[in-house]
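Each chain, written out:
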Amino acid sequence: MTHSGHVEPRSRTLTWQGTDDPTRMDRASVRLQDEGMTAFGSSTATAYALSWNLDAGDGWLTRTIDVAVHGDGWRRFLHLERSPEGEWTSRTESHGDTDLPPAGIAPDIDLSGALDCDLGLCPVTNTMPIRRLHLLDSPAETTHPPLVMAWIEVPSLRVLRSEQHYGPVDATTVSFRSGDFSAHITTDADGFVLDYPDLARRLPRL
């Protein structure tokens, strides 16, 4: 900490293994700031390899995320950006043949009100709403309105609207619900996922 009280950024390196698919490994390097983070990472699975770069450094709100994915004979890139006024835009590149839906914001999708991106199968993007809503410090009975997410489907990189509910459970656990799926997610003190049932479990540092 500096003399002015400003907390210097600090870095963390995190690794998860898929519980739905044990072949999937997710890695992230995160730079934590006073009120946000920047991060980059990768995900490897049997059918694809993916890399991403995230900027959520202003109040835990998404500014940009870049995602590149490679499969057998194809590759795609997505740049997803949220303006200060809350407008979402995407830019994409696609090469090779695949039967996946087109990358980018899907036609007729309304992302108004979304503050966060949610990269499919990636535990890192859960941290932004957890930290912004102070869920680990809130009483268990606290209720929050549903959040709108710019959900990035993996591996297609199609962007869809997703309504998600987060709530506090205790100092290390938050509740999550989206559609018919619900879970209790355990985290560390920084709000990074330790165990996300049916998705991923964090591995200890070697």
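Everything numeric in this text was worked out from a predicted model, so none of it was measured.

Student: Break down the layout of surface pockets for me, citing the residues and quoting the values.
Tutor: Its volume calculated, the largest pocket comes out at about 290 Å³. Lining the largest pocket are 16 residues, and of these Asp118, Leu121, Trp151, Phe176 and Tyr196 sit closest to its centre. Of all the elements in the fold, those that place two or more residues in the lining of the largest pocket are β9 (116–119), β11 (158–170) and β12 (173–178). The greatest single-element share of the lining of the largest pocket, amounting to three residues, is contributed by β11. Residues belonging to the lining of the largest pocket are distributed by class as follows: 10 nonpolar, five polar and one charged.

Student: Any details on the pattern of salt bridges? Residues and values, ideally.
Tutor: This model, assessed by the stated rule, comprises 11 salt bridges. Note that Arg10 is salt-bridged to Asp190, the shortest N-O span being 2.5 Å. One end of the pair, Arg10, is in strand β1 (residues 10–18); the other, Asp190, is in the loop between β13 (181–187) and β14 (193–196), and 180 residues separate them in sequence. Judged by relative accessible area, Arg10 falls into the partly exposed class, the value being 40%. When its relative accessible area of 12% is taken as the criterion, Asp190 is described as buried. Among the ionic pairs, Asp190 bridges to Arg12, the shortest N-O distance being 2.8 Å. Highlighted residues: Asp190 in the loop between β13 and β14 and Arg12 in strand β1, separated in sequence by 178 residues. Taken together, the salt bridges that share partners define one network made up of Arg10, Arg12, Asp188, Asp190 and Arg202.

Student: Now, about the nonpolar core: what can you tell me, with residues and values included?
Tutor: Among the nonpolar cores identified, the biggest contains 50 residues, and Met37, Leu50, Trp52, Leu80, Leu119 and Ile152 are the most heavily contacted of them. A total of five residues in this core trace back to one element, the largest contributor, which is strand β10 (residues 147–152). Discounting residues that sit within four places of it in the chain, Leu50 has contacts with Gly41, Ser42, Ser43, Val67, Ala68, Val69, Leu119, Val154 and Leu157.

Student: Outline the pairing of strand β3 (residues 36–44), supporting the account with residue identities and numerical values.
Tutor: Pairing geometry for strand β2 (residues 25–33) and β3, over nine bridges, is antiparallel. Across the sheet, the residue bridging to Asp26 is Ser43, located in β3. Between β2 and β3, which pair antiparallel and follow one another directly, the connecting turn spans two residues. The pairing of β3 with strand β4 (residues 49–56) spans eight bridges and is classified as antiparallel. By the bridge assignment for β4, Thr44 is matched with Ala49. In sequence, β3 turns back onto β4 through a hairpin of four residues.

Student: With reference to specific residues and values, describe the state of the cysteines.
Tutor: Going through the model one piece at a time under the given rule, you end up with zero disulfides. Free cysteine Cys117: the closest other cysteine sulfur is in Cys122, separated by 8.6 Å.

Student: Break down the side chain of Arg76 for me, with residues and values.
Tutor: When you line up the elements, Arg76 lands in strand β6 (residues 74–82). Buried charged residue Arg76 carries no salt bridge. Nearest counter-charge: Glu153, at 7.0 Å. Those residues in contact with Arg76 that lie beyond four places of it in its chain are Val67, Ala68, Val69, Glu93, Ser94, Thr98, Leu100, Pro101, Pro102, Ala103, Ser156 and Leu157.

Calculation criteria
- Sequence positions are assigned chain by chain, starting from 1 and proceeding in written order.
- At least 70 in pLDDT is required for a residue's local features to be given in this predicted model, at least 80 for side-chain atom pairs to be given and counted, and no such filter applies to totals for whole chains, interfaces and linings, which use all residues.
- Heavy atoms from the whole structure form the basis of all side-chain values; hydrogens and water molecules are not counted.
- A 1.4 Å probe that fits but cannot get out identifies a cavity on a 1 Å grid over protein atoms alone, an open set with protein on both sides within 12 Å along at least five of seven lines counts as a pocket, and a residue lines either if it has an atom within 4 Å of a point.
- Grid points are joined across faces, edges and corners, and a volume is the space filled by probe spheres set on the points.
- For the purposes of this entry, the term helix denotes a DSSP run of H or I that reaches at least four residues, the term strand denotes a run of E that reaches at least two, and both are numbered from the N terminus.
- Residues are grouped as follows: Ala, Val, Leu, Ile, Met, Phe, Trp, Tyr, Cys and Pro are nonpolar; Asp, Glu, Lys and Arg are charged; every other residue, Gly included, is polar.
- In what follows, salt bridge is the name for a side-chain nitrogen of Lys or Arg lying within 4 Å of a carboxyl oxygen of Asp or Glu.
- With a 1.4 Å probe rolled over the protein chains alone, any residue whose accessible area is under 20% of its type maximum counts as buried; one over 50% counts as exposed, and the rest are partly exposed.
- For our purposes a nonpolar core is just a set of buried Ala, Val, Leu, Ile, Met, Phe, Trp, Tyr and Cys residues, chained together by side-chain atoms within 4.5 Å.
- In what follows, a contact means two residues having at least one pair of non-hydrogen atoms within 4.5 Å.
- Pairing between strands is defined by DSSP: at least two bridges between the two strands are required.
- Disulfides are defined as cysteine sulfur pairs within 2.5 Å.
- For this count, His and the chain ends are skipped, Lys and Arg are scored as positive, and Asp and Glu as negative.

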